[in-house]
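# An overview of the molecular structure
One-letter residues, chain by chain:
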Amino acid sequence: MKKDVFTPTNILLPEGIDMENWSVIACDQFSSEREYWDRVRERVKNSPSTFNMIIPEAYLDEFDEAQSAQKICTAMDEYSASGFLKEVPDSFVYVERTQADGRVRRGIVGAVDLDEYDFSGKGDAAILASEGTVLDRLPVRINIRRQAPLELPHIMAFIDDECLSVIEPLTKKNLPVLYDFNLMEGGGSVKGMRVVGDNAAGVMSALAALREKNGPLMVMGDGNHSLAAAKVYWDELKQNLTDAERENHPARMALLEINNVYDPAIDFEAIHRVMFGVDPKEFIRSLEGVVQKGNDYRLRWVYGGTTHVTDVAAACIGDMLTAMQIFVDDYAKTSGCGVDYIHGEETVEALAKDEGVLGLILPAMDKSELFKTVAESGVFPKKSFSVGHARDKRYYLECRKIQP
């Protein structure tokens, strides 16, 4: 049976604890800056924190799959039993995130129907992936979701709402405040307000009208692999459920935040490539031997304190990014060098000062291209763009039960 694509749900929020220690940034941020996560770990220590319910990618070498799942599920069980997670029933959360630069990004947290999501790049579902999904990154996430009693998202999805009909009307409402606090490590601040009743119905009605007008309702921004893992697990689970069980099982839904792509506080940032264990000059010679020269897009290479620029031709930024990713993947496979995906030019430049390290700084995408490109041409290659700077990414905060 069809559900609404995005609905209110029962949301768990902590009460009576230090919220700044509770909320930590998405696990895939600062993956090559272990010192960031070392500071977070030292800060939260024994405090209740979402840090204990994730595995930061900077620490992946410390845990195997079984340890990761055990650590996460143990913390979730302990927090669920502690009593400080209080349920906010049948609600959306309207979020105002003050970013590090002072701009306010607005969104709504709710639950999406995973039966309406497709990450293959070939479907016509209501929710589409924006970038290619790296399938070998899913099994660990799926295994954790099989065991976990809770989900907590860093997922953000875009709606294409030029008329400002879904999220923006909530700015004029007098909504009850659920949380309001500063975020650690220079992440700005966040305020969340409860949306129920007629206000929630207004959100759902506006979304239905938007889908009727535009076709695809949402395109993924951040957290595509987390949502893809939830989708794969649900498709696996529902095979052994009755129709009635499928209708109401909590794992059919997934918690995320929607944002309007036209929100002036939203910028698309390029995700850059850093190559480790390379001869930078050889890498550049190899690339320039295969790219088509032109004036459409500019690539900047940094290594050892020097900069090199290559101008390339491409019909669209998606084609350019695809060509770059194919080259990087092939080069890494044949040479054995390492690749990391980094947010922020300053971080790339700092890493590229070391011997044998090269940073590839890519151009950012115009956000007006997103829905059109995905609808007409399919997904961008993996790690094509990011929503804003690293410190402005979504912090873990709200939780939801995913086991009956």
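Just above, that's the structure.
Notes on the structure in this doc start here. Just so we're clear, the structure is a prediction, and the values are computed from it rather than from any experiment.

### Some points on the pattern of salt bridges
For the structure shown, the criterion picks out 28 salt bridges. The partner of Arg145 in a salt bridge is Glu151, with the nearest N and O atoms 2.8 Å apart. Given the relative accessible area of 7%, Glu151 is considered buried. Among the ionic pairs, Asp222 bridges to Lys393, the shortest N-O distance being 2.6 Å. On the criterion of sequence distance, the pair formed by Asp222 in strand E11 (residues 218–222) and Lys393 in the loop between strand E18 (385–387) and strand E19 (400–401) is long-range, its members being 171 residues apart. In this structure Lys393 comes out as buried when scored by relative accessible area, which is 2%.

### Quick notes on the nonpolar core
Within the largest apolar cluster, 47 residues are counted, with the highest numbers of intra-cluster contacts made by Trp22, Val24, Trp37, Val40, Met53 and Tyr179. Elements supplying a minimum of two residues to this core: strand E2 (9–14), helix H1 (19–22), helix H2 (34–44), helix H3 (65–82), strand E3 (85–98) and strand E9 (177–182). For this core, the leading source of residues is H3, giving six residues. Every residue in contact with Trp37, bar those within four places of it in the chain, is listed here: Val24, Ile25, Ala26, Cys27, Gln29, Phe30, Phe51, Ile54, Pro56, Ala58 and Tyr59. In this structure, Phe119, Leu138, Ala206 and Met220 belong to the second largest nonpolar core, which totals 43 residues.

### Quick notes on the environment of Arg106
Checked against the element boundaries, Arg106 lands in strand E4 (residues 104–113). Considering only alpha carbons, one finds Arg106 and Pro8, 98 residues apart in sequence, at a separation of 17 Å. Beyond its immediate chain neighbours, meaning those up to four positions away, Arg106 contacts Tyr94, Val95, Glu96, Ile167, Thr171, Glu257, Ile258, Asn259 and Asp263.

### Some points on the pairing of strand E12 (residues 253–260)
Burial runs high along E12: eight of the eight residues are buried. Taking every second residue as pointing to the same face, both faces of E12 are buried, with Met253, Leu255, Glu257 and Asn259 on one and Ala254, Leu256, Ile258 and Asn260 on the other. Sheet topology note: the E4/E12 ladder contains seven bridges and is antiparallel. By the bridge assignment for E12, Val112 is matched with Ala254. Pairing geometry for strand E8 (residues 156–159) and E12, over four bridges, is parallel. Following the sheet pairing, Ile159 is matched in E12 by Asn260.

What counts and what doesn't
Residues numbered from 1 in each chain as written. Predicted model: local features only at pLDDT ≥ 70, side-chain atom pairs only at ≥ 80, totals over all residues. Heavy atoms only, no water. Salt bridge = Lys/Arg side-chain N within 4 Å of Asp/Glu carboxyl O. Buried < 20%, exposed > 50% of the residue type's maximum accessible area, 1.4 Å probe, protein only. Helix = DSSP H or I, 4+ residues; strand = E, 2+ residues; numbered from the N terminus. Core = buried A, V, L, I, M, F, W, Y, C linked by side-chain atoms within 4.5 Å. Contact = heavy atoms within 4.5 Å. Pairing = 2+ DSSP bridges.

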